[in-house]
Amino acid sequence: MTTTATAPPEDKCKGKPVRHVPLPLIDHELLQRTAGGGAVWGDSRRFRRFVAAAEARLVAEGTYADAGHAPCSQTVLLRDLSRGGLRFLHGAELFPGERCGIKLPNGSAMRLEVMWCRRMGAGIYMSGCRFFSLAAPAKDDGRSGDDAEVDAAGD
Amino acid sequence: MTNESSAVAERRGFFPTLVTALIGLPELRCDVYIQPEGNARKVLYRGADSNLSIAQDATLQERGVRHLFLKEEDRERYERALAEASPPEDASVMLALTIERRRDAFETAILGGSPSHIVATAEEIARDVLQVVNHDGFAVSEAMSLLHHDKSTFQHSCNVSIYAATLAKRLGLSDAELTSLIAGGMVHDVGKRDIPGYILRKPGLLDARERELIRQHPAAGFRMVAPLGKLTWAQLMMVYQHHERIDGTGYPVGAFGEEIHLWGRLCAVADVFDALTAKRSYREPGTAAAAIAIMQGETGHFDLDLLRLWTETVT
């Protein structure tokens, strides 16, 4: 996976400290239900998705702060990732178009745009995000790199 | 009547206007047409020089006539009269004038305007609608005969705004908040503009693909207007959360209880009430009482306190 030279996210947004939301308790059933799959026969997604089950630190960039939506940082649990984006479980709702920084377990930092968010239980959400500061990845199946959005957004 | 024959006028086309709006335009001098039930052809109701007062013609109401028609060539004169009309004393006339003044501008914005233009138009309409909602003589139960006459985007958005504002007023929201809420109601379905019209107008059951397209409209609308930075979070939640259900089975997120913003919950009540009372191609408008009965039977859909308050308001 390619990484950018972006600085690692801090628990600050526009210079101001933000509330941190810890990872909620997640039961075994939900873990199983949201486990990311590898490539499946017939899967039309642009990029193969890889199982991931590590914690990462996400900091919202305050995309909608001017509208009155306070950004926060949160610990998230990755479920799968691809070259186009990733999915994770987390404790505070995210909104479409929100931009966030994420620091992955390998130390790399990336910027994400939220494509969708679903409530999975009390205080638990799952979101799909796309990487948006990466250059378009090399083509490996003849389709445009822009399709990464579709891959990351897919449920 | 003018010299032009009615046959020529028929070819050139007519546009409909609310009877109640014409009552508020006594100075308007142009031929007014009526379309008798079961007759495709419009006939002259009142000539331009006639002194017949529409307000005093009880037969229109008795026959259930809500629209009269003007010739397209008189549109400019009609729009000028709308713009220059002095504020009427009657709340229904005020509402009808607001609808007639704003319908075309909003429909044009929704069809081809930029998201900024849609929001700006919604804000202009909000100021007019607030005057109606704040009118001493305004009663939503009486206004319904004006509000459910068609299912255009404008009419649905306008109705949802009026219903939500009427409900919010009972919760004690200030005029500034009500104006903001009305503007939010006007754009709550903005995400539907990318859905093909044949799906929105389909009278029968939707297939899975069509249902999925419909389910995307709250998030699509949010993505369209949120980046503009012109709407408050509460207004954005009207766009994003008006199909959420209090029991967590709604969409797009499945938000539960008070995770749904108050304005999102208000919008949900207003939205469903309007859907149930609006005219459809396959049925006549439902009554307020019937709509409330259905909504009360929808366990887990609505905020019960808001539904109770709404029931008191309309029945």
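Heads up: these notes are all about the structure in this document.

## Here's the deal with the overall build of chain B
Step number 1: Across its full length, chain B carries 16 helices and four strands.
Step number 2: By the compact-globule yardstick of 20 Å for 315 residues, chain B fits well, its C-alpha radius of gyration being 20 Å.
Step number 3: Considering only C-alpha atoms, chain B reaches an extent of 65 × 40 × 40 Å along its principal axes.
Step number 4: Split into buried and exposed, the 315 residues of chain B put 41% on the buried side.
Step number 5: Taking the intrachain contacts of chain B between residues at least 6 apart in sequence as the baseline, contacts between residues at least 24 apart amount to 71%.

## A word on the interface of chain A and chain B
Step number 1: Counting residues at the interface gives 13 residues for chain A, matched by 15 residues for chain B.
Step number 2: Here the residues of the side of chain A that touches chain B are counted per class, giving six nonpolar, three polar and four charged.

## A look at the pairing of strand β7 (residues 85-90) of chain A
Residues and elements named next belong to chain A.
Step number 1: Within β7, six of the six residues are buried, leaving the element largely enclosed by the surrounding structure.
Step number 2: What you see with β7 is no split at all: G85, R87 and L89 on one side and L86, F88 and H90 on the other are buried throughout.
Step number 3: Connecting the antiparallel pair strand β6 (residues 72-81) and β7 is a turn made up of three residues.
Step number 4: In the sheet, β7 pairs with strand β10 (residues 124-131) via six bridges, with the strands oriented antiparallel. In the strand pairing of β10, L89 is matched with M126.

## Looking at the environment of R193(B)
Step number 1: Mapped onto the elements of the fold, R193(B) is located in the loop between α9 (175-186) and α10 (197-200).
Step number 2: A tally of 20 C-beta atoms within 10 Å means that R193(B) is categorised as buried.

## With respect to the nonpolar core
Step number 1: Counting residues in hydrophobic clusters, the biggest one holds 113 residues, and the most contacted among them are V129(B), A164(B), V225(B) and V269(B).
Step number 2: In this structure, V225(B) is in contact with P115(B), V119(B), V187(B), V190(B), L231(B), L236(B) and V239(B), ignoring residues within four places of it in sequence.

The rules behind these values
- Residues numbered from 1 in each chain as written.
- Chains lettered and ligands numbered in written order.
- Predicted model: local features only at pLDDT ≥ 70, side-chain atom pairs only at ≥ 80, totals over all residues.
- Helix = DSSP H or I, 4+ residues; strand = E, 2+ residues; numbered from the N terminus.
- Rg over C-alpha atoms; globule rule 2.2 N^0.38 Å.
- Buried ≥ 20, exposed ≤ 12 C-beta atoms within 10 Å, placed from the backbone.
- Contact = placed C-beta atoms within 7 Å.
- Nonpolar A, V, L, I, M, F, W, Y, C, P; charged D, E, K, R; others polar.
- Pairing = 2+ DSSP bridges.
- Core = buried A, V, L, I, M, F, W, Y, C linked by C-beta atoms within 7 Å.

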